[in-house]
Protein chains: 2
Amino acid sequence: MKVSAVLCGSDRSEPHRGPMTEMQKTDDHSFRSHCSIARTLELVGDKWTLLVVRDLLWHGKHTFQALQGSAERIPTNMLAERLRRLMSWGLVRREPYQDRPVRYGYYLTEAGWALEPVLLQVMQWGHRHLDGDWYDPEKSGRNGDSEWD
Amino acid sequence: MKVSAVLCGSDRSEPHRGPMTEMQKTDDHSFRSHCSIARTLELVGDKWTLLVVRDLLWHGKHTFQALQGSAERIPTNMLAERLRRLMSWGLVRREPYQDRPVRYGYYLTEAGWALEPVLLQVMQWGHRHLDGDWYDPEKSGRNGDSEWD
DNA sequence: GCGCTCACTTTCATATTGAAAGTTTATACA
DNA sequence: TGTATAAACTTTCAATATGAAAGTGAGCGC
C-alpha cells in the first residue's frame, strides 16, 4: 500500500512567508528529490522516529506512557510530534482504548510495519559495528518484553 | 570490523559546562542506550548522512564538489561536517588525489560499505511507499551514473 | 472538594540547520 | 607582475528544531 500525500504533495515551489506553524511542519509532505532514500529520510531521518517504530513494532508499546518509558527517554513534546507526523504520513493510526476520558493507543499501519526490514538491517549494523544489543523479533511475539523497558 | 570509539567511548556521565565546540560535537561518541538501532541512529539519524554514504557507495562521487552536486543540494558546511563525523566514526577515510594544493578524495571503509543493506532496505521502502526512484547497484558498477547527478 | 493518573501542550533556553559570502592554496593566462 | 579561475572548505548569522520542565484538562476514587 502506497502512502498518499493526504494534504499536500507537490514538490517545493513557492517559498512561504513568516514562520511555519506546528501543523504546517507536520503536514509538509514535499520531497527534496526523486531518490527513494532521500524521500524516506524526509520521514524517518532523525534520532527518534525509528525508535518509536521499533517500540510499536517489537516491544508492544502502544500508549503514550509506554512509548515515553523507553530507555532513550524521548521528551514528551517530541513523542507527541513524532506520533502526529507518523499519523499524517499514514504509518501509524490511533484508536481509543478507553472512553471518558477518551485515550488512544497507537498502532502501525501496513506501511508502518513494512519498515521492519529497515529496522532489522539498522540493528544488524549497530550490533556488528557499535556493539549494540541484539533483539530477535521472533522470540517475543510482538507483545512487549521485559528486557526492553 | 567494529567501529572503535577512537577518542572517547564511555556513556554519558559528567555534563559539560558552556557551549560545545564544533570538534566536541564531531567527536562525541557516547550513546543513549544499548539498543543497536538507537546507537546507529546516533550516527546516521539525520537527513544528510545516508545520502553522503549513498553517493560514496553507488554514485562514484568522491570529491567535495561531486558530493555537493547531488540533487538534494547539501549545504557546504553540512557536507564538511558530515564527512568529518563519518571519518571520526571510521566509516569514511580520505586520501589525497593531488598535491599542491593537496586535495582529498573520500572513500567508505569496510564499516561504511557495510551500510549497503540498510540503504537497500530504505530504498525499497521509499520506492514502494513514497513513489521514489529505484536504483540498481548491480547495473552501474559503483562508478558513477549519468542519471544521478 | 482533593488528590491522582494519563495524555498531552506550552514555554523557553540552547543547539542545529542552511543560505550565502568569505578564505586559502595554487594554477593559468595576459 | 597582476588578474582570473578553481576546488575545498570555513565563517557568519538568521531561521528552525530540540529538549527539560512546568502546565493543562478530563475524569476517577474517596
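In what follows, the structure referred to is the one given above.
Attention here is on the structure that accompanies the text. (Residues numbered from 1 in each chain as written. Chains lettered and ligands numbered in written order. Predicted model: local features only at pLDDT ≥ 70, side-chain atom pairs only at ≥ 80, totals over all residues. Heavy atoms only, no water.)

1. A few points about the packing of aromatic side chains
Thinking step 1. Under the defined criterion, the tally for this structure stands at four aromatic pairs over all chains.
Thinking step 2. With a centroid separation of 5.8 Å and 40 degrees between ring planes, the pair formed by Phe31 of chain A and Trp89 of chain A is classed as tilted. Of this pair, Phe31 of chain A sits in the loop between helix H1 (22–26) and helix H2 (36–44) while Trp89 of chain A sits in the loop between helix H5 (76–88) and strand E1 (92–98), and the two are 58 residues apart along the sequence.
Thinking step 3. Since its relative accessible area comes to 10%, Phe31 of chain A is described here as buried.
Thinking step 4. Lying across the ring of Trp48 of chain B, Arg32 of chain A places its NZ or CZ 4.6 Å from the centre. (Phe/Tyr/Trp six-rings, centres within 6.5 Å; stacked < 30°, edge-to-face > 60°. Helix = DSSP H or I, 4+ residues; strand = E, 2+ residues; numbered from the N terminus. Buried < 20%, exposed > 50% of the residue type's maximum accessible area, 1.4 Å probe, protein only. Lys NZ or Arg CZ within 6 Å of the ring centre and 35° of its normal.)

2. Remarks on the interface of chain A and chain B
Thinking step 1. Residue-level contacts link 48 residues of chain A with 48 residues of chain B.
Thinking step 2. Taking both partners together, chain A and chain B bury about 4,200 Å²; carbon and sulfur atoms supply 66% of that area.
Thinking step 3. Of all residues in chain A, Ile37, Trp125 and Leu130 of chain A give up the largest surface area on contact with chain B, accounting jointly for 17% of the area buried on that side.
Thinking step 4. Across the contact surface, chain A and chain B share zero salt bridges.
Thinking step 5. Put simply, chain A and chain B have 22 residue pairs in polar contact (both at pLDDT 80 or more) between them.
Thinking step 6. Within the residue set of the side of chain A that touches chain B, elements represented by two or more residues are H2, helix H3 (49–58) and helix H7 (116–130) of chain A. (Contact = heavy atoms within 4.5 Å. Buried area = accessible area lost by both parts, 1.4 Å probe. Salt bridge = Lys/Arg side-chain N within 4 Å of Asp/Glu carboxyl O. Polar contact = N/O pair within 3.5 Å; in protein donor to acceptor, adjacent residues only side chain to side chain.)

3. As for the protein's contact with DNA strand C
Thinking step 1. The full set close to DNA strand C counts 20 residues, and Tyr97, Arg103 and Tyr106 of chain A together with Lys25 and Asn77 of chain B are the nearest of them.
Thinking step 2. Restricting the count to atoms of DNA strand C within 4 Å of the protein gives a sugar and phosphate share of 68%.
Thinking step 3. Arg82 of chain B is positioned with one of its side-chain polar atoms (N or O) 3.1 Å from a phosphate oxygen of DNA strand C.
Thinking step 4. Among the secondary structure elements, those contributing two or more residues to the surface near DNA strand C are helix H4 (64–68), H5 and strand E2 (103–108) of chain A together with helix H5 (76–88) of chain B.
Thinking step 5. Residues belonging to the surface near DNA strand C are distributed by class as follows: eight nonpolar, six polar and six charged. (Near = heavy atom within 4 Å. Nonpolar A, V, L, I, M, F, W, Y, C, P; charged D, E, K, R; others polar.)

4. With respect to the nonpolar core
Thinking step 1. Core analysis: the largest hydrophobic core is formed by 68 residues, its most contacted members being Ile37 of chain A together with Ile37 of chain B.
Thinking step 2. Among all residues touching Ile37 of chain A, those that are not within four sequence positions of it are Leu51, Arg54, Trp58, Leu119, Val122 and Met123 of chain B. (Core = buried A, V, L, I, M, F, W, Y, C linked by side-chain atoms within 4.5 Å.)

5. A closer look at the relation of the copies chain A and chain B
Thinking step 1. When chain A is brought onto chain B, the operation consists of a screw motion whose angular component is 180 degrees and whose axial shift is 0.0 Å, with 0.0 Å RMSD remaining. Both copies are brought into coincidence by an operation consistent with a two-fold rotation axis. Residue Asp46 of chain A of chain A places its C-alpha closer to the rotation axis than any other residue of that unit, at 2.3 Å.
Thinking step 2. A shared binding surface is used by both copies, with 100% of the interface residues of chain A retained as interface residues in chain B. (Least-squares fit on C-alpha atoms with pLDDT ≥ 70 in both.)

6. Let's talk about the pattern of salt bridges
Thinking step 1. According to the stated counting rule, one finds twelve salt bridges over all chains in the structure shown.
Thinking step 2. A salt bridge links Glu42 of chain A to Arg32 of chain A, with the nearest nitrogen and oxygen atoms 3.3 Å apart. With a gap of ten residues between them, Glu42 of chain A in helix H2 and Arg32 of chain A in the loop between H1 and H2 connect regions that are remote in the sequence.
Thinking step 3. Among the residues examined, Glu42 of chain A registers a relative accessible area of 9% and is labelled buried.
Thinking step 4. Given a relative accessible area of 18%, Arg32 of chain A falls into the buried group.
Thinking step 5. Ionic pairing is found between Asp46 of chain B and Arg82 of chain B, a salt bridge with its closest N-O pair at 3.3 Å. Placement of the pair is Asp46 of chain B in the loop between helix H2 (36–44) and helix H3 (49–58) and Arg82 of chain B in helix H5, with a sequence separation of 36 residues.
Thinking step 6. Since its relative accessible area comes to 11%, Asp46 of chain B is described here as buried.
Thinking step 7. Three or more residues are tied together by salt bridges with common partners; here these are Asp46, Glu81 and Arg82 of chain A.

7. Thoughts on the environment of Gly45 of chain B
Thinking step 1. With respect to the helices, strands and loops of the structure, Gly45 of chain B is situated in the loop between H2 and H3.
Thinking step 2. Residue classification places Gly45 of chain B among the buried residues on the basis of a relative accessible area of 7%.

8. So, the packing of H3 of chain A against H7 of chain A
All names here are of chain A.
Thinking step 1. Remark: H3 packs on H7, axes separated minimally by 11 Å, with the N-to-C direction vectors making an angle of 110 degrees. The angle between H3 and H7 falls in the class roughly perpendicular. In the packing of H3 onto H7, the handedness of the crossing is left-handed. Where H3 abuts H7, its residues Leu50, Val53, Arg54, Leu57 and Trp58 lie against Glu116, Leu119, Leu120 and Met123. (Axes fitted to C-alpha atoms, helices over the stretch in contact; angles between N-to-C directions. Parallel < 35°, antiparallel > 145°, perpendicular 65-115°, else oblique. Left-handed = near helix turned anticlockwise from the far one by under 90°.)

9. Topic: the pairing of E2 of chain A
Residues and elements named next belong to chain A.
Thinking step 1. Bridge count for E1 against E2 is six bridges, and the pairing is antiparallel. Each bridged residue has a counterpart across the sheet, and for Pro96 the counterpart in E2 is Tyr104.
Thinking step 2. The hairpin turn running from E1 into E2, its antiparallel successor, is four residues long, and Arg100 in that turn takes a positive phi close to 45 degrees. (Pairing = 2+ DSSP bridges.)

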